[in-house]
Amino acid sequence: MLACLCTVLWHLPAVPALNRTGDPGPGPSIQKTYDLTRYLEHQLRSLAGTYLNYLGPPFNEPDFNPPRLGAETLPRATVNLDVWRSLNDKLRLTQNYEAYSHLLCYLRGLNRQAATAELRRSLAHFCTSLQGLLGSIAGVMAALGYPLPQPLPGTEPTWAPGPAHSDFLQKMDDFWLLKELQTWLWRSAKDFNRLKKKMQTPAAAVTLHLEAHGF
Amino acid sequence: MLFQIQISRMKTSNVIWVGNYSTVVKRDPVLHWSWKSELPLECATHFVRMRSRVDDAKIPEPRFWSNWSSWKEADAQKSLGRDPLFLFPKDKLVEEGSNVTICYMSRNQQDNISCYLEGQQIHGEQLDSNVSAFKLNKVSFIRKTGTNIFCKVDQKDVIKGIVLFVSKVLEEPKDFSCETQDFKTLTCTWDPGTDTSLPKRSSQSYTLFESFSGKKILCEHKNSCNWQVDSDSQEMYNFTLVAENALGNRSVSVLFSLTHRVHPKTPYNLFLKNVSGTKATVTWKVHPIGNYSTLLCQLDLLGEGNVIQQHNVSIKENGEYLLSELEPDTEYMARVRCADANHFWKWSGSISQKFITAEAAPSEALDVWRNVKSVSGRPTVTLFWKPLSKLHANGKILSYNVTVENLDRLSGLEVHSVPATANGTELTLDQDSYQIHVTALNSAGPSPASVIVVSGDPGNEEVEEERVNGTEDGFSVSWKPQSGKAIGYVVEWCDHPQDLPCDLQWKNLSSNTTSTVISSGAFRPGVRYNFRIYEISTERMAYLLEKKAGYLKELAPSDNPQVVVSNLTSHSFTLSWKDYSTDSQPGFIQGYYVYLRSKAEKECHPGFKKATLPDKSACCQHRIDNPEQKTFVMENLQPESVYEFLVTPYTSAGSGPLDAFTKVTTPDEYSHILIRIILPMIVCVLLIMITCYLKSQWMKEKCYPDIPDPYKSNVLSLIKSKENPHLTIMNVSDCVPDAIEVIHKPEGSKIQFLGASKSLTETEFTKPAYLYLLPAEKNYSGPGPCICFENLTYNEAAADSGSCGHFPVTPEALPGQPGPLTSPENLLKALEKNYMNSLGETAAGEASLNYVSQLASQMSGDKDSLPANPPEPVLCSEYKMQMAIPLGLASPPPAENSGLSSTTPLDQSEHYR
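Quick caveat: nothing in here was measured; it's all calculated off a predicted structure.

Which parts of the structure should I look at to understand the overall build of chain A?
Tallying secondary structure elements over chain A gives six helices and zero strands in all. Secondary structure of chain A in N-to-C order comes out as α-α-α-α-α-α. Out of the 215 residues belonging to chain A, those deemed buried represent 45%. For chain A, restricting intrachain contacts to residue pairs at least 6 apart in sequence, the fraction spanning at least 24 positions comes to 85%. Approximately 11,000 Å² of chain A is accessible, and the part contributed by carbon and sulfur atoms is 58%.

Even after reading the chapter, I still don't get the overall build of chain B, so can you show me in this structure?
For chain B, the helix and strand inventory stands at eight helices and 55 strands. Looking at chain B as shown, the accessible area adds up to about 51,000 Å², and 51% of this sits on carbon and sulfur atoms.

Which parts of the structure should I look at to understand the packing of aromatic side chains?
What the rule picks out here adds up to 41 aromatic pairs over all chains. For the pair A:Phe59 and A:Phe175, a centre-to-centre distance of 6.4 Å together with 50° between the ring planes defines the contact as tilted. Of the two residues, A:Phe59 sits in the loop between α2 (27-55) and α3 (81-86) while A:Phe175 sits in helix α6 (residues 167-203), which places them 116 residues apart along the sequence. Assessed through its relative accessible area of 1%, A:Phe59 is described here as buried. Ring geometry for B:Phe86 against B:Phe88: centres 6.1 Å apart, planes inclined by 10°, an arrangement best described as stacked. Exposure remark for B:Phe86: the relative accessible area of 8% places this residue in the buried category. On the basis of relative accessible area, B:Phe88 is assigned to the buried category, the value being 5%. For the cation-ring pair, B:Arg370 lies above B:Trp369, with the distance from its terminal atom to the ring centre recorded as 4.6 Å.

How should the UniProt feature "transmembrane region" (unreviewed entry) in chain B be read in this particular structure?
The sites that carry the UniProt feature "transmembrane region" (unreviewed entry) are, in the present numbering, residues 673-694 of chain B. Between the C-alpha atoms that bound residues 673-694 of chain B there is a distance of 31 Å. The span itself is 100% helix and 0% strand.

I would appreciate a short explanation of the state of the cysteines in the present structure.
Where two cysteines share a covalent bond between their sulfur atoms, that bond is called a disulfide. A complete count under the given rule lists seven disulfides over all chains for this structure. Disulfide pairing is shown between B:Cys43 and B:Cys103; the S-S distance is 1.5 Å. Looking along the S-S bond of the B:Cys43-B:Cys103 disulfide, the torsion reads about 85°, which is the right-handed sense. One end of the pair, B:Cys43, is in the loop between β2 (15-22) and β3 (46-53); the other, B:Cys103, is in strand β7 (residues 100-106), and 60 residues separate them in sequence. For B:Cys43, a relative accessible area of 0% corresponds to the buried category. Here B:Cys494 connects covalently by a disulfide to B:Cys502, the sulfurs 2.0 Å from one another. Classification of B:Cys494 by relative accessible area gives buried; the value is 15%. Considering cysteine sulfurs only, A:Cys105 is the nearest to A:Cys127, which forms no disulfide, with 9.8 Å between them.

Hey, could you run me through the side chain of A:Arg92 in this one?
Residue and element names in this part refer to chain A. In this structure, Arg 92 sits in helix α4 (residues 89-113). For Arg 92, the side chain forms a polar contact with the side chain of Asp 191, separated by 2.7 Å. Once residues within four sequence positions are removed from consideration, Arg 92 is found in contact with Trp 84, Arg 85, Leu 87, Asp 191, Arg 194 and Leu 195.

Looking at this structure, how should I read the interface of chain B and chain A?
Interface size is often expressed as the accessible area that is lost when the parts come together. Counting from both sides, the interface comprises 19 residues of chain B and, opposite them, 19 residues of chain A. With both chains or domains summed, chain B and chain A bury close to 1,400 Å², and 60% of this area falls on carbon and sulfur atoms. Its largest share of buried area at the contact with chain A, chain B owes to B:Thr145, B:Asn148 and B:Ile159, together 34% of the area lost on that side. Inspection of the region where chain B meets chain A yields zero salt bridges. Sorting the residues of the side of chain B that touches chain A by element identifies β12 (147-153) and β13 (158-167) of chain B as the ones contributing at least two each. Across the side of chain B that touches chain A, the residue classes tally to seven nonpolar, five polar and seven charged.

Any chance you could explain a positive patch on the surface here in plain terms?
A cluster of like positive charges, contributed by B:Lys599, B:Lys602, B:Lys610 and B:Lys663, occupies part of the molecular surface. Note that B:Lys663 resides in strand β51 (residues 662-665).

Teacher, can you tell me more about helix α5 (residues 117-143) of chain A here?
Think of an α-helix as 3.6 residues a turn; residues three or four steps apart then line up on the same face. Look at α5(A): 39 Å from first C-alpha to last across 27 residues, which is about the 39 Å you get at 1.5 Å a residue. Immediately downstream of α5(A), the backbone of A:Gly145 shows phi near 80°, a positive value.

Please explain the sheet that holds strand β11 (residues 131-136) of chain B as it appears in this structure.
By definition, the strands of a sheet pair up through backbone hydrogen bonds, in either a parallel or an antiparallel sense. Residues and elements named next belong to chain B. With antiparallel pairing, the four strands of this open sheet are ordered in space as β5-β7-β11-β10. A strand with exactly one partner marks an edge of an open sheet, and here the two such strands are β5 (85-88) and β10 (125-126). In terms of strand pairing, β7 meets β11 through six bridges, oriented antiparallel. When the sheet's bridge partners are listed, Met 105 is paired in β11 with Val 131.

How should I be thinking about the sheet that holds strand β22 (residues 280-285) of chain B in this particular structure?
All names here are of chain B. Across the sheet, which stays open at both edges, the three strands sit in the order β21-β22-β25 with antiparallel pairing between neighbours. Of all the strands in the sheet, just β21 (268-273) and β25 (318-323) have a single pairing partner and so form its edges. Strand-to-strand, the axes of this sheet are offset by a mean angle of 15°, without reference to chain direction. Pairing between β22 and β25: six bridges, direction antiparallel. Bridge assignment links Trp 284 to a residue of β25, and that residue is Gly 319.

I tried to follow the confidence of the model for chain B on my own but got confused; where do I start?
Residues shown with low pLDDT carry predicted positions that ought not to be read at fine detail. Chain-level statistics for chain B give a pLDDT mean of 79 and a share of 77% at 70 or above. For chain B, helix α8 (residues 908-911) of chain B is the element with the lowest average pLDDT, namely 37, and β22(B) is the one with the highest, namely 95.

What is the right way to read the pairing of strand β47 (residues 618-624) of chain B from this model?
Along any regular strand, the residues point their side chains to alternate faces of the sheet. All names here are of chain B. Summarising burial for β47: five of the seven residues are buried, a large majority. Of the pairings in the sheet, the one linking strand β45 (residues 591-598) to β47 comprises five bridges and is antiparallel in character. Within β47, the position partnered with Val 594 by the bridge is His 622. One ladder, built from four bridges, connects strand β46 (residues 609-612) with β47; its direction is antiparallel. When the sheet's bridge partners are listed, Thr 612 is paired in β47 with Ala 618. Count of turn residues in the β46/β47 antiparallel hairpin: five residues, of which Lys 616 carries a positive phi of about 70°.

Is there a simple way to think about the environment of B:Cys338 in this case?
Residues and elements named next belong to chain B. As for its position among the elements, Cys 338 is in strand β26 (residues 331-340). It is 7.7 Å that separates the C-alpha atoms of Cys 338 and Gly 349, two residues lying 11 residues apart in sequence. Sequence-distant contacts of Cys 338, defined by excluding residues within four places in its chain, comprise Pro 264, Pro 267, Trp 284, Val 286, Leu 295, Leu 296, Cys 297, Lys 346, Trp 347 and Ser 348.

Which parts of the structure should I look at to understand the nonpolar core?
As a rule of thumb, nonpolar side chains are buried together in soluble globular proteins. Counting residues in hydrophobic clusters, the biggest one holds 57 residues, and the most contacted among them are A:Tyr100, A:Leu107, A:Phe126 and A:Leu130. Those elements that place two or more of their residues in this core are α2, α4, α5 and α6 of chain A together with β13 of chain B. For this core, the element with the most residues is α6(A), which contributes 13 residues. Sequence-distant contacts of A:Leu130, that is, excluding residues within four places in its chain, are made with A:Leu40, A:Tyr100, A:Leu103, A:Leu104, A:Leu107 and A:Leu181. Listed in part, the 43 residues of the second largest apolar core include B:Cys178, B:Cys225, B:Val252 and B:Ile315.

Quick question: what am I supposed to make of the pairing of strand β8 (residues 113-117) of chain B here?
All names here are of chain B. Along β8, four of the five residues are buried, which leaves the element largely enclosed by surrounding structure. Bridging between β8 and β12 involves five bridges; their strand directions are antiparallel. Looking at β12, one finds that Cys 115 is bridged to Cys 151. In this sheet, strand β9 (residues 120-122) lies alongside β8 in antiparallel orientation, the contact comprising three bridges. Its bridge partner being in β9, Tyr 116 is matched across the sheet by Gln 121. What sits between the antiparallel neighbours β8 and β9 is a turn of two residues, in which Glu 118 has the positive phi angle 55°.

Any chance you could explain the pattern of salt bridges here in plain terms?
Two side chains with opposite charge may pair up if their charged atoms get near one another. In total, this model carries 22 salt bridges over all chains according to the counting rule given. For the salt bridge of B:Asp432 with B:Arg409, the shortest nitrogen-to-oxygen distance reads 2.6 Å. On the criterion of sequence distance, the pair formed by B:Asp432 in the loop between β32 (424-428) and β33 (433-442) and B:Arg409 in the loop between β30 (397-406) and β31 (414-419) is long-range, its members being 23 residues apart. You can call B:Arg409 partly exposed: its relative accessible area is 47%. Look at the salt bridges and you will find they share partners, linking A:Arg92, A:Arg187 and A:Asp191 into a network.

Definitions and limits used
Residues numbered from 1 in each chain as written. Chains lettered and ligands numbered in written order. Predicted model: local features only at pLDDT ≥ 70, side-chain atom pairs only at ≥ 80, totals over all residues. Heavy atoms only, no water. Helix = DSSP H or I, 4+ residues; strand = E, 2+ residues; numbered from the N terminus. Buried < 20%, exposed > 50% of the residue type's maximum accessible area, 1.4 Å probe, protein only. Contact = heavy atoms within 4.5 Å. Areas by Shrake-Rupley, 256 points an atom, 1.4 Å probe, with all protein chains shown as cover. Phe/Tyr/Trp six-rings, centres within 6.5 Å; stacked < 30°, edge-to-face > 60°. Lys NZ or Arg CZ within 6 Å of the ring centre and 35° of its normal. UniProt positions renumbered as here; feature names shortened; annotations may be inferred. Disulfide = S-S within 2.5 Å. Polar contact = N/O pair within 3.5 Å; in protein donor to acceptor, adjacent residues only side chain to side chain. Buried area = accessible area lost by both parts, 1.4 Å probe. Salt bridge = Lys/Arg side-chain N within 4 Å of Asp/Glu carboxyl O. Nonpolar A, V, L, I, M, F, W, Y, C, P; charged D, E, K, R; others polar. Patch = residues over 30% accessible without salt bridge, like charges linked within 9 Å, V, L, I, M, F, W, Y side chains within 5 Å. Lys, Arg positive; Asp, Glu negative; His and termini not counted. Charge placed at Lys NZ, Arg CZ, Asp CG, Glu CD. Expected span 1.5 Å × (residues − 1). Pairing = 2+ DSSP bridges. Axes fitted to C-alpha atoms, helices over the stretch in contact; angles between N-to-C directions. pLDDT = per-residue confidence, 0-100. Core = buried A, V, L, I, M, F, W, Y, C linked by side-chain atoms within 4.5 Å.

Right, dumping it as structure tokens:
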């Protein structure tokens with residue numbers, strides 16, 4: 001199934017959009033981003049299971065829901081429904097882009113600290129996929145004519161716990177990083193689905209929709 | 001000075017530890033002493049005080065303690081923040097197996113706090129109203145990311161946790177040793193044991209310390225370290241290897257002399273030179289070790305993986321050795337390794353080289369055997385030989401040479417070349433004796449010749465066969481020497497006697513041997529093996545001594561014979577299985593069991609005994625002990641009964657399958673009579689009928705000719721028997737007619753020859769017409785004595801009683817005739833009656849025909865039938881009308897009339913003239 005999806009994604013740029021005007025518009029890019037989001041969601045499910053087992057109980061217990069103590073710097077995916085609905089396209093895309101930029105940075109720090117080679121390989125693979133999602137979002141924003149958000153100087157997120165940061169809190173942060181990443185992927189799927197529908201209606205452009213089942 | 005220290009927990013009165021600390025006190029000293037608390041200090045306030053005393057031997061006793069200092073409080077809780085819950089110690093690193101105490105401190109006494117170790121809730125000891133402690137004994141390593149312990153306040157979103165990192169125990173390095181290959185570098189190696197590294201914690205490190213030189217290096221690897229030898233001055237080395245991690249260290253030492261730790265490098269340039277069939281020279285080189293060292297090199301010669309030869313050679317730099325006693329055409333491997341010749345420490349690595357020795361002529365004669373048989377009257381010798389073993393072949397066999405020499409006649413040698421792939425050849429010879437030489441050839445030459453003498457005369461083949469018992473080891477075959485001049489014996493057998501070819505095998509035995517055990521992997525149970533023991537004479541001729549046959553293990557017969565039932569009567573039948581071969585069975589047939597069962601009979605016949613079949617049914621069993629008796633008569637049976645029988649052979653291993661019984665039904669008692677009587681009768685009748693059919697013409701001539709022959713009539717004899725000696729048959733030649741006269745033509749006697757539609761009964765026939773053929777004598781005045789002959793085969797009308805004194809008498813008419821037949825009237829009546837009966841039996845409308853028969857003269861006829869008293873010459877002859885009633889014919893064929901009478905055939909007009 002994974003191979004199938006990879007093949008689909010690989011051939012996505014080659015699929016000719018059936019556009020009457022000849023300009024495919026942002027539709028295919030949004031669809032591609034949506035598919036990639038779903039793929040990452042599936043990939044994270046496996047990675048999170050491995051990593052939480054690596055941390056040990058209680059982090060790998062399904063009902064473990066600790067307070068968000070040291071993970072305040074992580075971008076929050078949860079948002080009020082009305083607020084989410086009122087977001088315009090630019091803001092919606094910008095929030096996604098910023099969130100994944102931060103999460104990718106944190107994830108790379110996680111990779112550096114992983115003790116086993118197998119875990120490092122899995123994390124590196126996921127980071128590459130997440131980098132692809134970030135590029136895809138940037139593509140959608142460019143197609144819609146939105147500028148990419150510029151990181152403020154000195155606000156580059158780092159993953160260097162201070163001396164007071166205990167190992168247990170560090171594990172909590174890792175737990176929350178994975179959890180927040182999962183939530184962001186769910187939210188992004190909804191964001192891009194919404195954008196996709198929105199783009200389809202006024203453009204009257206016919207795009208070829210490739211569905212990937214099984215995720 | 002000696003300091004006594006007291007430590008209290010929670011309150012000063014709760015002293016938990018007392019200890020002494022002794023040290024030398026100098027001027028303005030600041031002394032440091034530390035104490036590790038099992039309970040994290042953050043969880044409880046600790047107090048410490050001390051007192052001192054002089055502890056110097058120079059100062060005489062008594063020595064007094066000073067006063068206790070005031071209690072000093074160590075309260076870590078004050079430095080903690082305002083969090084509602086604390087858990088200590090934070091991220092502690094301990095060695096596996098240690099005891100660890102964990103405590104939590106709550107700000108609010110009302111909070112209900114629960115703690116978990118690896119997801120499992122743990123319960124501790126409450127030290128204070130808001131402090132509890134958990135003691136973990138002998139903690140074990142779970143994972144590298146540590147053991148998670150956390151506490152949470154129920155009903156609140158408060159959670160605190162710590163990670164307890166448990167490290168594996170640091171082990172002492174094992175197998176620590178150092179050696180040099182070149183007196184320049186010492187390489188020390190060891191087994192580091194378990195890795196104690198943890199994430200974000202430094203792993204164990206290894207340090208090498210040499211005590212004589214005082215040098216110390218940090219090793220780059222966990223299991224080896226290189227130490228540079230500075231000069232030749234230091235002979236002895238004392239190394240200490242220290243393994244260290246965050247929790248402690250382990251060390252191990254070794255003391256050695258450098259010259260005793262020489263481990264030479266692997267030799268190089270190993271070559272084989274001058275390789276012949278049995279010898280080869282090996283050369284190699286070694287890396288020099290200093291200027292004075294001598295190396296001891298071990299040269300191994302390996303064949304098929306095993307060390308065949310081992311030689312030790314002391315060399316400085318170049319090694320050479322001549323290997324001998326090698327086998328031709330054999331692959332060997334030369335292997336060399338070296339060590340310090342003075343102080344052996346370790347062998348160097350090995351270098352090896354394979355080589356193959358040259359070929360030599362085969363060293364041994366072939367093992368040859370022969371089989372002589374007669375093909376189209378000519379003796380044909382099949383030679384067999386066993387391929388030479390690799391040990392004796394000394395190379396690749398290219399071909400075999402077979403040389404045939406006639407011993408009886410002076411003739412040239414006949415040489416045959418047989419390809420190397422063949423293991424035998426066939427020669428067609430004559431009745432002479434031949435000496436056959438067989439040699440094997442390889443590139444180096446021929447093998448010694450194997451000589452065998454064969455003769456066209458197969459010798460005495462009529463040797464009685466004996467039995468031999470097989471065991472797990474094979475067949476133990478023994479024989480009796482015959483001539484006493486044997487140079488050896490050969491036992492011959494077939495590995496697969498049931499196949500063609502049967503894979504002939506033989507075994508050569510010396511002349512002083514009279515027994516052997518024949519074993520083969522091909523021997524199978526249930527197969528009959530035939531062994532023939534030959535004596536080899538001094539002329540190398542083989543004579544058959546004995547024959548043996550045996551089974552490795554006898555089996556029960558797998559098949560039953562095909563039994564034929566014969567001589568079936570109401571009381572017996574015969575069984576026969578003569579086609580059953582006893583030689584090709586899976587065991588020696590010892591006899592047969594005949595099983596008989598019948599629903600009609602419950603008791604067994606004499607000679608039978610009751611037996612139970614595998615299906616639990618009962619039957620009667622008779623045993624035949626003679627394997628050559630292949631018939632059996634079942635007797636005393638009941639007629640019209642169904643019997644089932646089975647014949648099965650038996651060997652020492654058991655009998656054949658008891659499954660397929662054959663049913664026989666005995667006939668009733670009279671059927672054989674019917675068969676014996678009726679059948680022949682039917683055959684006879686059929687034969688008669690066939691004969692009659694085939695001889696119908698003859699029968700007709702004999703029994704019912706169209707024109708009867710009076711000579712053959714029995715009427716004559718009948719008449720004679722009636723004492724009428726004058727009656728005779730007139731010969732036609734004796735009675736020459738010269739006139740025909742119609743002397744009587746009664747009315748209405750017109751014979752309607754053409755009246756086919758009118759029956760004879762309608763014709764007035766009471767007085768048949770007679771034609772009289774009168775003699776020429778004039779004096780004939782009336783009817784005289786005359787001969788009357790009738791053909792009794794035909795139905796005929798009666799003769800005129802008045803004109804003929806004699807009348808025919810049918811045999812049938814005689815007994816039933818009431819009146820005397822001698823009276824013409826009676827006779828006429830009888831004839832008429834017979835005639836009318838005949839007519840009544842004749843279909844109406846059929847044509848009737850009257851014949852006129854010429855009566856023969858009494859003087860003529862068969863001489864045999866002449867009467868004793870010859871009658872007087874008759875004066876007249878009387879013709880008597882005879883009637884023949886040919887069925888289905890309107891008129892007789894003219895040819896018949898013409899041929900039967902000397903009279904000219906007359907038409908009706910002439911008759912009536």
